[in-house]
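# Structural description and commentary
The primary structure of each chain is shown beneath.
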Amino acid sequence: MKIGLFIPCYVDAVYPEVGVATYKLLRHLGLDVSYPQGQTCCGQPMANAGFEKDAVPLARQFEERFKAFDYVVAPSVSCTAFVRLNYERLLGHDHECLTARKAIDVVEFLHDVMKVSQPLGRFPHKVSLHNSCHGVRELGLSSPSEQHVAKFNKMKDLLRLVDGIEVVEPERPDECCGFGGMFAIEETAVSAQMGRDKLQRHIATGAEYVTGPDSSCLMHLSGVARKQGLNIQFKHVVEILAAGL
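A quick note: this is a predicted structure, and the numbers were derived from the prediction, not measured. (Residues numbered from 1 in each chain as written. Predicted model: local features only at pLDDT ≥ 70, side-chain atom pairs only at ≥ 80, totals over all residues. Heavy atoms only, no water.)

Between helix 4 (residues 52-66) and helix 5 (residues 77-91), the shortest axis-to-axis distance is 10 Å and the interhelical angle comes to 105°. Judged on the interaxial angle alone, helix 5 and helix 4 are roughly perpendicular. Only Val-83, Tyr-87, Arg-89, Leu-90 and Leu-91 of helix 5 make contact with helix 4, whose side of the interface consists of Glu-52, Ala-55, Val-56, Leu-58, Ala-59, Arg-60, Phe-62 and Glu-63. When the residues that make up the contact of helix 4 with helix 5 are grouped by side-chain class, the tally is nine nonpolar, no polar and four charged. (Axes fitted to C-alpha atoms, helices over the stretch in contact; angles between N-to-C directions. Helix = DSSP H or I, 4+ residues; strand = E, 2+ residues; numbered from the N terminus. Parallel < 35°, antiparallel > 145°, perpendicular 65-115°, else oblique. Contact = heavy atoms within 4.5 Å. Nonpolar A, V, L, I, M, F, W, Y, C, P; charged D, E, K, R; others polar.)

As structure tokens, then:
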């Protein structure tokens, strides 16, 4: 199994430790992992801003860079969802989208493909789960509260493999944090208030850390915490899974 590691541009620029942890964890599991040079933005910011045509060359480049791999694994639910759900429409031809169909978030990959069950790292802290919207409603990482389905959470399943951790969830566990990419720019006041409300629910759990599958949501919440001087920390879920390996 050949794995192409896709590190979204904001992860590469702002949270490189998330990319390193992803590579480290996949290699720990004995996988053949490569990081193709020349990869860049998936095009999500352009498309979300209404400039879909500007995302098309990036989609074509993605297809070319990752076509040799069995899976394209990324530590970002929003970028993974954008690639998998939109590239076929943007490119317009099914045969050009075979690579995009292989795109998978690292949580999905570990849980659904690798079915990881062996002990992972060690993280002796109380951690509150942040269920990012794209992960819940587009990639199926956890059960949406608006649907009458049996509850599940793939992040929680994986974190149970980490030694010393205590996992909790906030009230209204899949409510949006208010980031939403362009929404945070265009509706700043609403976005900020949603972030404050969501962060207070995480803090009410007594957690030391908030974790989730998307650095953009964690970035938004950590910004709120800094502005309010709140003592809570943030880590991408893959960093916790790889901790101490």
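There's plenty left to go through after this.
Further remarks concern the sheet that holds strand 1 (residues 2-5). In spatial order, the strands read 2-1-3-4; together these four strands make up an open sheet with parallel pairing. Every interior strand has two partners, whereas the edge strands, strand 2 (32-34) and strand 4 (103-105), have only one. In this sheet, neighbouring strand axes are inclined to one another by 35° on average, regardless of whether the strands run parallel or antiparallel. Sheet topology note: the strand 1/strand 2 ladder contains three bridges and is parallel. Looking at the pairing, Lys-2 lines up with Asp-32 of strand 2. Contacting strand 1, strand 2 and strand 3 (71-74), helix 2 (residues 16-28) crosses the sheet at an angle of about 170° to strand 1. Packing against the sheet, helix 6 (residues 106-113) makes contact with strand 1, strand 3 and strand 4, and its axis sits at approximately 90° to strand 4. (Pairing = 2+ DSSP bridges.)

Next up on the list: unusual backbone geometry. In this structure, Lys-115 takes a positive phi of about 50° despite not being glycine. Tracing the backbone shows Lys-115 in the loop between helix 6 and strand 5 (126-129). Positioned with a positive phi, Arg-172 is a non-glycine residue whose angle comes to about 55°. Here Arg-172 falls in the partly exposed class, since its relative accessible area comes to 44%. (Buried < 20%, exposed > 50% of the residue type's maximum accessible area, 1.4 Å probe, protein only.)

Okay, the sheet that holds strand 8 (residues 233-236) next. Spatial ordering of the open sheet is given by 6-5-7-8, a layout of four strands whose pairing is parallel. Sheet topology places strand 6 (166-168) and strand 8 at the edges, where each strand pairs with a single neighbour. Neighbouring strand axes in the sheet, compared pairwise and without regard to direction, differ in orientation by 30° on average. For strand 5 and strand 7 (residues 209-212), the ladder comprises three bridges, and the chain directions are parallel. Its bridge partner being in strand 7, Ser-128 is matched across the sheet by Val-210.

Residues lying three or four places apart along an α-helix face the same way, a consequence of the helix completing one turn every 3.6 residues. With 14 residues, helix 11 (residues 215-228) should reach 20 Å at 1.5 Å per residue; the first-to-last C-alpha distance of 20 Å fits that figure. Looking at helix 11, one finds that the buried residues are Ser-215, Ser-216, Cys-217, Leu-218, His-220, Leu-221, Ser-222, Gly-223, Val-224 and Ala-225. Structurally, helix 11 contributes buried residues whose contacts are with helix 1 (9-14), helix 2, helix 5, helix 10 (188-203), strand 7 and strand 8. In the segment just after helix 11, Gly-229 is the residue with positive phi, at about 65°. (Expected span 1.5 Å × (residues − 1).)

So, about the environment of Cys-133. Looking at where Cys-133 falls in the secondary structure, it is placed in helix 7 (residues 133-137). Judged by relative accessible area, which is 28%, Cys-133 ranks as partly exposed. Each residue touching Cys-133, except ones within four places of it in the same chain, is listed here: Glu-138 and Cys-176.

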